[in-house]
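Chain by chain, the residues run as shown.
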Amino acid sequence: MTDLFKTLETAERGDTRPAEALLAAMRWNADGLVPAIAQQHDSGEVLMMAWMNRQALEETLKTGRVCYWSRSRGKLWRKGESSGQVQQLKRAYLDCDGDTLLLAVDQAGPACHSGRRSCFYVALDEMQGEVVSEPLIDPATLYGASH
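In short, a report on the structure.

Each value, and the rule that gives it
- All residue numbers refer to position in the chain's written sequence, counted from 1.
- Given that the model is predicted, a residue must reach a pLDDT of at least 70 before its local features are reported, and side-chain atom pairs must reach 80 or more before they are shown or counted; all residues, however, enter totals for whole chains, interfaces and linings.
- In computing side-chain properties, one takes all heavy atoms of the structure into account and sets aside hydrogens as well as water.
- By convention in these notes, a salt bridge is any Lys or Arg side-chain nitrogen within 4 Å of a carboxyl oxygen on Asp or Glu.
- A helix here means a DSSP run of H or I that spans at least four residues, while a strand means a run of E at least two residues long, and both kinds are numbered starting from the N terminus.
- Think of it in three bands: with a 1.4 Å probe and only protein chains considered, a residue is buried below 20% of the maximum accessible area for its type, exposed above 50%, and partly exposed in between.
- Think of it this way: DSSP has to see at least two bridges between two strands before they count as a pair.

### Overview of the pattern of salt bridges
Part 1 of the reasoning: Counted by the stated rule, this structure contains 7 salt bridges.
Part 2 of the reasoning: With a shortest N-O distance of 2.6 Å, glutamate 20 and arginine 54 are connected by a salt bridge. Of this pair, glutamate 20 sits in helix α2 (residues 19–25) while arginine 54 is found in helix α3 (residues 54–63), placing the two residues 34 residues apart along the sequence.
Part 3 of the reasoning: On the basis of relative accessible area, glutamate 20 is assigned to the partly exposed category, the value being 48%.
Part 4 of the reasoning: The shortest N-O distance in the salt bridge between glutamate 45 and arginine 117 comes to 3.3 Å. Placement of glutamate 45 in the loop between β1 (34–40) and β2 (46–52) and of arginine 117 in the loop between β6 (101–107) and β7 (122–124) is noted, with a sequence separation of 72 residues between them.
Part 5 of the reasoning: One continuous salt-bridge network, built from bridges that share partners, spans Glu20, Arg54 and Glu58.

Pasting the structure below:
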């Protein structure tokens, strides 16, 4: 943990630090990424987890439209650019170690490429996994028949 995040442990409510200092002190992984959990701002529903690099985070903070780093495509991914299911940032939070983000967002439609509201639609127990939600939109409608 960096000294900056250590000092935040005893900071009082309302204390501030420059965003640039916080971004510089973040604990990016070996690929320059941190996990970002998207949560619907008004209901608390956990929608998805994706990765952000510094450029994606800076763009998100500047524009208010959530941008991630797509590991499979090797490029920035602006949520909803192909599906229209955009995420608007309401607030971004860093965890206590500076290595995970929580994004309070306003999600338009489904967050998941499967057409479901949340990517977390398989409930696990010791015996099985159960699909617990229906797609809101057919993925072929979201992305075209080739998806």
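### A short note on the pairing of strand β4 (residues 75–78)
Part 1 of the reasoning: Where strand β3 (residues 67–70) meets β4, 4 bridges bridge the pair, whose relative direction is antiparallel. In the strand pairing of β4, tyrosine 68 is matched with tryptophan 77.
Part 2 of the reasoning: Taking the residues between adjacent antiparallel strands as the criterion, β3 and β4 are bridged by 4 residues, where glycine 74 takes a positive phi near 70°.

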